[in-house]
Amino acid sequence: MGSFAEIEERAEKRKGGAAALKTLMPKLPDVDVLRAQPDDRLLSEMTRYVFYAGFVRNVIDSKWPGFEAAFSGFDPAFLNLAPDDYWHDLTSDTRIVRNGAKIMSVRANAQFIRQLADEHGSAGQFFADWPIEDHIGLLGVLDKRAERLGGMSGQYFLRAIGRDSFVMSHDVLVCLRLSGLPISEGKPTKKDLRLIQDRFNAWHAETGLPLTHLSRICAFSVGMPGEEDEA
């Protein structure tokens, strides 16, 4: 395994130097801010990323005030008690994108958020306290217990709420292979996921950088300049 310094050097050359690359890094994750996130805001972000999948993001964002109103502010307590008629009416509500399966995912994810709150005090506390050394395990929780938050939707959701995380975008996976990691060309297998986690853990120990920055630098080190994946 080559050092991460080689990857970072390649990204710096592609982005105009160390200072320029630094300006492209996202804000440092703040675990205390994440821990204090209200459950309704986390459900709102879950829903946003569920609806992003398969749609132009700008379309979803432009309608988001309507989403907030239609889903009663994403209050999990209310949504867990809302009757079937409430959900049926949403399928014809012009304030939102009327995709029945995604609308019903909000009902399931409201229940998931409430379960996390019952188990951990709040959903924010759960997401904040999960160890960064097992990010793959957290993605597994979303895949098994949440609705429509497997794959990239769950990864981007965690990034959006301020969870320190890596994103397994196309360019990040290319970077990992170039670093010598023997992962498959297709969708990562369970073995691949463990190898990816171990590699990011090693890079984190080597550099002290958050996973979020490691992931972004990795993506910037490959691909066409200006066309890198969101990572």
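Because the structure is a prediction, the values reported are computed rather than measured.

Draft legend 1. View of the domain arrangement of the protein. Along its sequence, the protein is organised into domain 1 (4-29 + 166-221) and domain 2 (32-161). Between domain 1 and domain 2, the residue contacts involve 13 residues of the former and 10 residues of the latter. Here domain 1 meets domain 2 over a buried area of about 1,100 Å², counting both sides, of which 57% is carbon and sulfur. If you sort the residues of domain 1 by the area they bury against domain 2, F166, V167 and M168 come out on top, with a joint share of 42%. Where domain 1 packs against domain 2, one counts 7 residue pairs in polar contact (both at pLDDT 80 or more). Examining the composition of the side of domain 1 that touches domain 2, we find that 5 residues originate from one element, helix α14 (residues 190-207), more than from any other. Partitioning the side of domain 1 that touches domain 2 into residue classes produces 5 nonpolar, 6 polar and 2 charged.

Draft legend 2. Summary view of the environment of N109. You can see N109 is positioned in helix α9 (residues 100-120). Of the residues examined, N109 reaches a relative accessible area of 2% and is grouped as buried. Remark: the alpha-carbon pair of N109 and N58, spanning 51 residues in sequence, is separated by 23 Å. The residues touching N109, leaving out its near neighbours within four places in the chain, are L43, M46, V50, A146, E147 and L149.

Draft legend 3. A look at the packing of aromatic side chains. Under the definition given, this model contains 15 aromatic pairs. Considering the side-chain rings of F71 and W87, the 6.4 Å spacing of their centres and the 45° angle between planes classify their relative orientation as tilted. Here W87 lies in helix α8 (residues 84-90) and F71 lies in the loop between α6 (64-70) and α7 (76-81), a separation of 16 residues in the sequence. Both residues of the pair, F71 and W87, count as buried. Counting every residue linked through ring pairs, the aromatic cluster contains F51, W64, F67, F71, F74, F78, Y86 and W87. The residue whose ring lies beneath R48 is W64, and the NZ or CZ to ring-centre distance is 4.4 Å. The ring of Y156 carries the charged tip of R57 above its face, separated from the ring centre by 5.5 Å.

Draft legend 4. Spatial organisation of the state of the cysteines. Scanning the entire structure with this criterion turns up 1 disulfide. Between the sulfur of C175 and that of C218 lies a disulfide, 2.2 Å long from S to S. Handedness here is read from the sign of the S-S torsion; for C175 and C218, about -115°, the answer is left-handed. Here C175, found in helix α13 (residues 170-178), pairs with C218, found in helix α15 (residues 211-220); they are 43 residues apart in sequence, far enough to count as distant.

Draft legend 5. Up close: helix α11 (residues 135-145). Those residues of α11 lying buried are H135, I136, L138, L139, V141 and L142. On the buried face of α11, the contacting elements are α9, α10 (123-129), α12 (151-160) and α14.

Draft legend 6. Just the side chain of D39, in detail. Along the chain, D39 turns up in helix α4 (residues 39-52). Among buried Asp, Glu, Lys and Arg side chains, D39 stands out as unpaired, with R114 the closest opposite charge at 5.8 Å. Among the polar contacts listed, one links the side chain of D39 to the backbone nitrogen of A123, at a separation of 3.0 Å. In this structure, D39 is in contact with P76, I113, A117, S122, A123 and G124, ignoring residues within four places of it in sequence.

Draft legend 7. A look at the packing of α11 against α12. Two elements in contact, α11 and α12, have axes whose closest approach is 10 Å; the angle formed by their N-to-C orientations is 115°. As for the relative orientation of α11 and α12, their crossing is right-handed in sense. Here H135, L138, L139 and L142 of α11 come into contact with α12, specifically with G154, Q155, F157 and L158. The residue inventory of the contact of α11 with α12, partitioned by class, reads 5 nonpolar, 3 polar and no charged.

Draft legend 8. Just the pattern of salt bridges, in detail. Within this structure, the stated rule accounts for 12 salt bridges. Residue E9 is joined to K13 by a salt bridge in which the shortest nitrogen-to-oxygen separation is 3.8 Å. Of the two residues, E9 and K13 both sit in helix α1 (residues 4-15), 4 residues apart, roughly one turn of that helix. By relative accessible area, which is 43% here, E9 ends up partly exposed. The residue D32 makes a salt bridge to R35 at a minimum N-O spacing of 3.0 Å. Of the two residues, D32 and R35 are both situated in helix α3 (residues 31-35); the distance of 3 residues between them amounts to about one turn of the helix. Because the salt bridges share partners, they merge into one network encompassing D32, R35 and D129.

About the cut-offs
- Residues numbered from 1 in each chain as written.
- Predicted model: local features only at pLDDT ≥ 70, side-chain atom pairs only at ≥ 80, totals over all residues.
- Heavy atoms only, no water.
- Domains from an automatic or database assignment.
- Contact = heavy atoms within 4.5 Å.
- Buried area = accessible area lost by both parts, 1.4 Å probe.
- Polar contact = N/O pair within 3.5 Å; in protein donor to acceptor, adjacent residues only side chain to side chain.
- Helix = DSSP H or I, 4+ residues; strand = E, 2+ residues; numbered from the N terminus.
- Nonpolar A, V, L, I, M, F, W, Y, C, P; charged D, E, K, R; others polar.
- Buried < 20%, exposed > 50% of the residue type's maximum accessible area, 1.4 Å probe, protein only.
- Phe/Tyr/Trp six-rings, centres within 6.5 Å; stacked < 30°, edge-to-face > 60°.
- Lys NZ or Arg CZ within 6 Å of the ring centre and 35° of its normal.
- Disulfide = S-S within 2.5 Å.
- Lys, Arg positive; Asp, Glu negative; His and termini not counted.
- Salt bridge = Lys/Arg side-chain N within 4 Å of Asp/Glu carboxyl O.
- Axes fitted to C-alpha atoms, helices over the stretch in contact; angles between N-to-C directions.
- Left-handed = near helix turned anticlockwise from the far one by under 90°.

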